[in-house]
Amino acid sequence: MRKPLIAGNWKLNNTIAEASQLAEALKTELGNNTNTDIVIAPVFTALASVTHICASSSIQVAGQNCHCVDSGAFTGEVSAPLLVDAGCSHVILGHSERRQFFGETDNFVNAKTHAAINSGLTAIVCLGETLEQRESGEMFDVITNQLSLALNEITPAQTENLVIAYEPIWAIGTGKTATSEEAAEVHAFIRGLLSGLFNHEVAEATRIIYGGSVKPNNIGALMAEADIDGALVGGASLTASDFIAIVNYPKPLKVVQK
Ligand code: PEP
């Protein structure tokens with residue numbers, strides 16, 4: 001069985017002091033939770049402080065991005081080994097905001113995915129369609145392309161360090177969530193793609209998490225779906241009580257051990 005994973009993407013928010021305070025609050029309530037993998041992604045400047053706070057807890061820390069090259073003349077970039085050095089276990093890659101505002105392509109996401117996994121990080125690879133693509137019937141083609149390009153030449157063994165985040169772009173930061181049925185349909189489709197790209201075992205073992213306006217009041221219905229293994233949470237992860245409520249979502253009769 002797949003262990004649920006709830007990740008908080010803090011985006012471009014919080015000073016070091018604010019990030020530390022939020023991490024402390026989460027650690028107090030969630031620091032001993034071993035039923036769910038809990039990951040938080042602060043800005044780079046707060047990583048050292050947040051990883052220090054979370055070191056003695058079950059909360060893990062992610063970078064929000066990394067470059068595909070380990071070191072060199074790449075002004076402004078942070079590499080996967082440097083995230084490991086800062087105490088990170090995960091990195092978010094290919095977020096729609098990176099694609100939209102910073103021109104990241106599927107091939108670039110692929111190069112970063114290789115770099116992250118080769119450095120020992122777990123790559124949370126994001127993909128999802130726009131509203132126009134969904135409404136014009138292109139959604140499944142878009143998802144197929146994004147997934148196959150992002151995972152090009154990733155081996156079945158490397159998928160142990162891989163999480164897929166399905167994030168319909170129209171649901172990110174808009175307050176508009178995909179219904180649990182809409183999300184479940186795409187998650188099942190992605191699992192089928194993973195089976196074709198790798199094999200049945202990889203498809204069954206890989207966690208596919210949902211992102212897009214996840215809140216305390218909709219997480220339960222999403223998590224009740226067999227193919228939804230967790231959530232990537234933006235806005236609601238900035239408020240300790242909301243993120244705690246999301247992690248402690250009402251559990252259905254689903255077994256939660258990996
Ligand atoms: C995200 O940042 O990945 C996200 C899903 O944001 P929000 O929860 O605010 O929609």
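Nothing here was measured: the structure is a model prediction, and the numbers come from that model.

(A) Structural detail: the site of the ligand. Around the ligand there are 14 residues in total, and Lys11, Glu167, Gly173, Ser213 and Gly234 lie nearest to it. A distance of 2.6 Å separates an oxygen atom of the ligand from a polar atom in the side chain of Glu167. A distance of 2.8 Å separates an oxygen atom of the ligand from a polar atom in the backbone of Gly234. Within the complex, the protein chains bury 97% of what would otherwise be the 290 Å² of accessible surface of the ligand. Looking at the shell around the ligand, its residues break down into 4 nonpolar, 8 polar and 2 charged.

(B) Broad picture of the nonpolar core. Leu26, Ile40, Val50, Ile164, Ile190, Tyr210 and Phe243 are the most contacted members of the largest nonpolar core, which totals 66 residues. Grouped together as the second largest cluster of nonpolar side chains are 12 residues, Ala7, Ala41, Cys126 and Leu232 included.

(C) Representation of helix α11 (residues 240–247) within the structure. Taken together, the buried positions of α11 are occupied by Ala240, Phe243, Ile244, Ile246 and Val247. End-on view of α11: buried residues confined to an arc of 160°, all on one side of the axis. Taken together, the buried residues of α11 touch β1 (5–9), α1 (16–30), β2 (37–41), α10 (219–223) and β8 (230–233).

(D) A look at empty space enclosed by the protein. Within the structure shown, the criterion is met by 2 cavities of 30 Å³ or more. Space inside the largest cavity adds up to approximately 40 Å³. Looking at the largest cavity, the residues that line it are Gly94, His95, Ser96, Arg99, Cys126, Leu127, Gly128, Gln146, Glu167, Ile169 and Ile172. Put simply, the parts of the chain that give the lining of the largest cavity at least two residues each are α4 (96–102) and β5 (122–127). Grouping the constituent residues of the lining of the largest cavity by class yields 4 nonpolar, 5 polar and 2 charged.

(E) Expanded view of the packing of aromatic side chains. Scanning the model with the defined rule gives 2 aromatic pairs in all. Each ring, one from Phe140 and one from Phe189, has its centre 4.6 Å from the other, and the planes form 55°; the classification is tilted. Of this pair, Phe140 sits in helix α7 (residues 139–150) while Phe189 sits in helix α8 (residues 180–197), and the two are 49 residues apart along the sequence. Under the relative-accessibility criterion, Phe189 is labelled partly exposed at 27%. Between Tyr166 and Tyr210 the ring centres are 6.2 Å apart and the planes differ by 55°, which places this aromatic pair in the tilted class. In this pair, Tyr166 is assigned in strand β6 (residues 162–166) and Tyr210 in strand β7 (residues 207–211), connecting sequence segments 44 residues apart. On the accessibility criterion, Tyr166 (0% relative accessible area) is buried. Sitting above the plane of the Phe108 ring, Lys112 keeps its charged end 4.4 Å from the centroid.

(F) Up close: helix α5 (residues 106–118). Counted at 1.5 Å a residue, the expected span for α5 with its 13 residues is 18 Å, and the 18 Å between its end C-alpha atoms agrees. Within the span of α5, buried status applies to Asp106, Val109, Asn110, Lys112, Thr113, His114, Ala115, Ala116 and Ile117. Buried-residue contacts for α5 involve α3 (80–85), β4 (90–93), α4, β5, α7 and β6. Once α5 ends, the next one or two residues include Gly120, with phi positive near 95°.

(G) Spatial organisation of the sheet that holds β1. Around the barrel, 8 strands lie side by side as β1-β2-β3-β4-β5-β6-β7-β8; this closed barrel has parallel pairing. When strand polarity is set aside, the average angle formed by the axes of neighbouring strands in this sheet is 25°. In this structure, β5 lies alongside β6, joined through 5 bridges in parallel fashion. Bridging from a neighbouring strand, Ala123 pairs with Leu162 of β6. Along the sheet face, α8 touches β5, β6 and β7 and points at about 150° away from the line of β7. Running at roughly 160° to β1, α11 makes contact with β1, β2 and β8 of the sheet.

Rules used throughout
- Residues numbered from 1 in each chain as written.
- Predicted model: local features only at pLDDT ≥ 70, side-chain atom pairs only at ≥ 80, totals over all residues.
- Heavy atoms only, no water.
- Near = heavy atom within 4 Å.
- Polar contact = N/O pair within 3.5 Å; in protein donor to acceptor, adjacent residues only side chain to side chain.
- Areas by Shrake-Rupley, 256 points an atom, 1.4 Å probe, with all protein chains shown as cover.
- Nonpolar A, V, L, I, M, F, W, Y, C, P; charged D, E, K, R; others polar.
- Core = buried A, V, L, I, M, F, W, Y, C linked by side-chain atoms within 4.5 Å.
- Buried < 20%, exposed > 50% of the residue type's maximum accessible area, 1.4 Å probe, protein only.
- Helix = DSSP H or I, 4+ residues; strand = E, 2+ residues; numbered from the N terminus.
- Arc of directions from axis to C-beta.
- Contact = heavy atoms within 4.5 Å.
- 1 Å grid on protein atoms, 1.4 Å probe; cavity = no way out; pocket = protein on both sides within 12 Å on 5 of 7 lines; lining within 4 Å.
- Points joined across faces, edges and corners; volume = space filled by probe spheres on them.
- Phe/Tyr/Trp six-rings, centres within 6.5 Å; stacked < 30°, edge-to-face > 60°.
- Lys NZ or Arg CZ within 6 Å of the ring centre and 35° of its normal.
- Expected span 1.5 Å × (residues − 1).
- Pairing = 2+ DSSP bridges.
- Axes fitted to C-alpha atoms, helices over the stretch in contact; angles between N-to-C directions.

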